[in-house]
Amino acid sequence: MKSNLNPTLAARQVAKLSKLRPVLGIVLGSGFQEAIARMEVDTEIGYQKLAGFPPVGVTGHAGKLVLGHLGNTPALILSGRAHYYEGHSMEQVTFATRVLAEFGIQDLLLTNAAGGLNRSFRPGDFMVLTDHINFMGANPLRGPASPRYPRFVDMTRTYDPGLGNLLRRAARSSGLRVKSGVYLAVSGPSYETPAEIRAFARLGADAVGMSTVPEAIVARQCGLKVAAMSCITNLAAGRGGAALSHAEVLETAEKVKNLAAQLLYNFAKVYGERAE
Ligand code: HPA
């Protein structure tokens, strides 16, 4: 399939709008949107103005790219992402990741909301991803081979341990409960059945969600270092008594939004201090 999505074009558009050239990129998922409020903003661009960016359909996701400083560190923040369950192709879902790579981002932090499978997890906990299981039934690298990037991408160390340690440090200094674990991605948008959750737990998953994995795969293909963090917004299906709802996800996200913003602020700060 020939595509007319052009990450180079969109990256040039972004570069024209600001003199800032951050190497740190952060994608804000549900629960993490408040980090924008902590930013010293240089430039803000709505996704609709960027050629190729899919519109954002999830409540609470702004759909804008922001360049500025977070914790005194230059950073590019994507507030909102396109999800596979919205009907976008994998190419569309990962387009922004390719734009960031073209722009010159070297380290990418992906954040999301997830359901907790691990019995020690509670809603409101945060989890640093140590690895993932791709159960989306699709891979963003499927299709014509890229002339610039490897066809068969190594995934043995998808999540950078150094960045993971920085995240843990930042989380502890923000006073929140931070765990580590394996994120399993499903396509959604239905939540899982209790039988699926029992199966996923046996496969080694600690949390389940509907994003992040396609972006992590493409980021690794482009040679970016990746870190990722989940906000555990609910116990996975069958783990608690109650039925799952998006309202519950949003409610937990709302409760922890200031902690999550502080966490990202501290992460950007220690990241900047380390790079100096
Ligand atoms: N399952 C899948 N995705 C999610 C969940 C869940 O329980 N919570 C937040 N995103």
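Here is what the cut-offs are and how they apply
Residues numbered from 1 in each chain as written. Predicted model: local features only at pLDDT ≥ 70, side-chain atom pairs only at ≥ 80, totals over all residues. Heavy atoms only, no water. Near = heavy atom within 4 Å. Polar contact = N/O pair within 3.5 Å; in protein donor to acceptor, adjacent residues only side chain to side chain. Areas by Shrake-Rupley, 256 points an atom, 1.4 Å probe, with all protein chains shown as cover. Helix = DSSP H or I, 4+ residues; strand = E, 2+ residues; numbered from the N terminus. Buried < 20%, exposed > 50% of the residue type's maximum accessible area, 1.4 Å probe, protein only. Contact = heavy atoms within 4.5 Å. Pairing = 2+ DSSP bridges. Axes fitted to C-alpha atoms, helices over the stretch in contact; angles between N-to-C directions. Parallel < 35°, antiparallel > 145°, perpendicular 65-115°, else oblique. Left-handed = near helix turned anticlockwise from the far one by under 90°. Nonpolar A, V, L, I, M, F, W, Y, C, P; charged D, E, K, R; others polar.

An account of the site of the ligand is needed here, citing residue identities and associated values.
In the vicinity of the ligand, the contacting residues are Ala113, Ala114, Gly115, Tyr191, Glu192, Val208, Gly209, Met210, Thr233, Asn234, Leu244 and Val249. In this structure, a nitrogen atom belonging to the ligand sits 2.9 Å away from a side-chain N or O atom of Glu192. Out of a free accessible area of 260 Å², the ligand has 95% covered by protein chains. Elements supplying a minimum of two residues to the shell around the ligand: strand E5 (107–116), strand E8 (207–209) and strand E9 (225–235).

Break down the side chain of Ser230 for me, with residues and values.
Relative to the helices and strands, Ser230 resides in strand E9. For Ser230, a relative accessible area of 0% corresponds to the buried category. Separated by 2.7 Å, the side chains of Ser230 and Asn112 make a polar contact. In this structure, Ser230 is in contact with Phe32, Asn112, Ala114, Asp125, Phe126, Met127, Leu129 and Tyr183, ignoring residues within four places of it in sequence.

Explain unusual backbone geometry to me, using residue names and the numbers behind them.
Going from Gly188 to Pro189, the amide bond is cis rather than trans, its omega being 0 degrees. Relative to the helices and strands, Pro189 is located in the loop between strand E7 (178–186) and helix H5 (194–203). For Asn72, which is not glycine, the phi torsion reads 70 degrees and is therefore positive. Residue position: Asn72 is located in the loop between strand E3 (64–70) and strand E4 (73–79). Judged by relative accessible area, which is 66%, Asn72 ranks as exposed. Phi is positive for Thr212, which is not a glycine, with a value near 70 degrees. With respect to the element layout, Thr212 can be found in the loop between E8 and helix H6 (213–221).

Explain the pairing of strand E6 (residues 126–135) to me, and be specific about the residues and the numbers.
Two elements, E6 and E7, share nine bridges in a ladder whose sense is parallel. Of the residues in E7, the one forming a bridge with Val128 is Ser180. By the bridge criterion, three bridges tie E6 to E9 in an arrangement that is antiparallel. Considered in E9, the bridge of Val128 is made with Met229.

Give me the lowdown on the packing of helix H1 (residues 7–17) against helix H3 (residues 95–103), citing residues and values where you can.
Where H1 contacts H3, the axes come no closer than 8 Å and their chain directions differ by 60 degrees. One finds that H1 runs oblique with respect to H3. Between H1 and H3 the crossing geometry is right-handed. Contacts between H1 and H3 involve Pro7, Thr8, Ala10, Ala11, Val14 and Ala15 from the former and Phe95, Arg98, Val99, Glu102 and Phe103 from the latter. Of the residues that constitute the contact of H1 with H3, the class distribution is eight nonpolar, one polar and two charged.

As far as function goes, none of this settles anything; it's purely spatial.
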